[in-house]
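The chain contents come next:
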Amino acid sequence: MNQKYDFAAIESKWRKIWAEGKADKASRDPARKKFYLLEMFPYPSGRIHMGHVRNYAIGDLLGRFYRMNGLNVLHPMGWDAFGLPAENAAIDRGTHPAKWTMQNIAAMREQIKALGVGYDWDREVATCHPGYYKWTQWFFIQFLRKGLAYRKKTYVNWCGRCHTVLANEQVVDGACWRCDTHVVQKEMYGWFLKITAYAEELLADLEKLAGNWPERVVTMQRNWIGKSVGARVKFAVEETGDVIEVFTTRPDTLFGATFICLAPEHRLTRELSAGTPQAAKVEEFLQLVARQDTLARTSEEAEKLGVFTGRHAVNPVNGERIPVWSANFILAEYGTGAIMSVPAHDARDFDFAKKFGLPVREVISQGDDGPPDAAYAGDGVMADSGEFTGQNNREAAPKITEYLQKHGAGEGAVVYRLRDWGISRQRYWGAPIPVI
Ligand SMILES: [Zn+2]
């Protein structure tokens, strides 16, 4: 190897010969087996990076291997070409996202070609081409017809200065990443795909992955679906007659509920406080929470903020009148957007009760008599719980659910942490939703 390998001359010579002879064109010989080889399409951000090279080298090897073994190999390439970076680049540079995207595709195509990866370039696609996204739209219409695509009001991160919705990753410390304006939660219409219709099926089929997938991945999937079994309980508001529905996994602690907490975005938070001496304080609280990032305000370390709405709800099992509060750690889109707070048996409720001087009542005894100095979430004997007093809490839970059902005050329920998939995050540079 004394001679220098002139890669520029040698490789470009051969790439030209391969391209002219369509060496990588998918063959259609019915006598041969077919092999469809597809790698993840790159996002056309501007330049190919080493991660792409590593990935596409594997595909190239596999394609060549099967082609040399006499198979019909279909190995196409395309571009995952819709997305937020194109919008941001367009704003930054005063250009159109299409122009920026097509320029990047042209540059990256040349880079991939320079690698000599064997693609059938006659079959190249880009997800932003009308000829491609008409199929994305076709899929959407099938979902719509099956009732699996729907539109509803939802809370989005909103920058009042940019007049735009922001993705969670564009919110930095509660402010817009572009202009530093405080981000507010704004209610807007959005399109959703109803993945929750498949929650139970997804969960059940995780069993089939046992032994084949790493256990921690399966666990992550299970937690993402987050199935909870419990009860829905109706609390009537004493002064107005409105009904607050809560979901709880612990109907056995119902007698220990000493207050209700509504999400700040809950329909009733502002409504209930109207006309009470608390109205101004509630308004002030809502403004404060609107400036908080939803992820940050629900984290365990976040400061728990709350306000009394000025109204009371009636506990359906003991007729007790308990105050209705609103708290920053409750989100409108989880469960029913309202909880019954049982400070004696839930750590978060306990912290909240201590901070705001709300009563703590133990209804599951762990055997000692002193006043609780921390929440006890374990099992024990029911106390202070009407006809259920003295029973084991696990045995009493379904009986309390039954009692609620008999009295029209609730029912057994299953909820999932899994949310329907919001698909309208891209305001402009995304597949147009084919509905007017
Ligand atoms: Zn902004």
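Residues numbered from 1 in each chain as written. Predicted model: local features only at pLDDT ≥ 70, side-chain atom pairs only at ≥ 80, totals over all residues.

### Here's the deal with the domain arrangement of the chain
Right, so step 1: The domains assigned to the chain are domain 1 (7–128), domain 2 (147–220) and domain 3 (226–416).
Right, so step 2: Each of domain 2 and domain 3 has a C-alpha centre, and these two points are 26 Å apart.
Right, so step 3: Listed as interface residues are 10 residues of domain 2 and, on the opposing side, 12 residues of domain 3.
Right, so step 4: Elements supplying a minimum of two residues to the side of domain 2 that touches domain 3: strand E9 (184–193) and helix H6 (199–205).
Right, so step 5: Grouping the constituent residues of the side of domain 2 that touches domain 3 by class yields 5 nonpolar, 5 polar and no charged. (Domains from an automatic or database assignment. Contact = placed C-beta atoms within 7 Å. Helix = DSSP H or I, 4+ residues; strand = E, 2+ residues; numbered from the N terminus. Nonpolar A, V, L, I, M, F, W, Y, C, P; charged D, E, K, R; others polar.)

### Points about the sheet that holds strand E5 (residues 149–159)
Right, so step 1: Pairing in this open sheet of 4 strands is antiparallel, and the strands run E6-E5-E9-E19 from one edge to the other. The outermost strands of the open sheet, each flanked by one partner alone, are strand E6 (164–166) and strand E19 (421–422). (Pairing = 2+ DSSP bridges.)

### Here we look at the pairing of E5
Right, so step 1: Where E5 lies against E9, 10 bridges are found, and the strand directions are antiparallel. Within E9, the position partnered with Asn157 by the bridge is Gln185.
Right, so step 2: Between E5 and E6, which follow one another and run antiparallel, lie 4 residues, and His163 among them has a positive phi close to 50°.

### Overview of the nonpolar core
Right, so step 1: Judged by nonpolar contacts, the single largest core of 47 residues is most densely connected at Val246, Ile260 and Cys261.
Right, so step 2: When neighbours within four sequence positions are excluded, Cys261 is seen to be in contact with Gly306, Trp325, Ser326, Ala327, Ile330, Ala338, Ile339 and Ser341.
Right, so step 3: Membership of the second largest hydrophobic core comes to 7 residues, among which are Phe82, Ala86, Trp100 and Trp429. (Core = buried A, V, L, I, M, F, W, Y, C linked by C-beta atoms within 7 Å. Buried ≥ 20, exposed ≤ 12 C-beta atoms within 10 Å, placed from the backbone.)

### Comments concerning helix H7 (residues 215–225)
Right, so step 1: Within H7, only 0 of the 11 residues are buried, which leaves it mostly out in the open.
Right, so step 2: Positive phi shows up at Gly226, right after H7, with a value of about 50°.

### What about unusual backbone geometry?
Right, so step 1: Positive phi, normally seen in glycine, also occurs at Lys22, with a value near 50°.
Right, so step 2: For Lys22, the position within the fold is in the loop between helix H1 (7–20) and strand E1 (34–36).
Right, so step 3: Phi is positive for Asp173, close to 50°, though the residue is something other than glycine.
Right, so step 4: Mapped onto the elements of the fold, Asp173 is located in the loop between strand E7 (171–172) and strand E8 (175–176).

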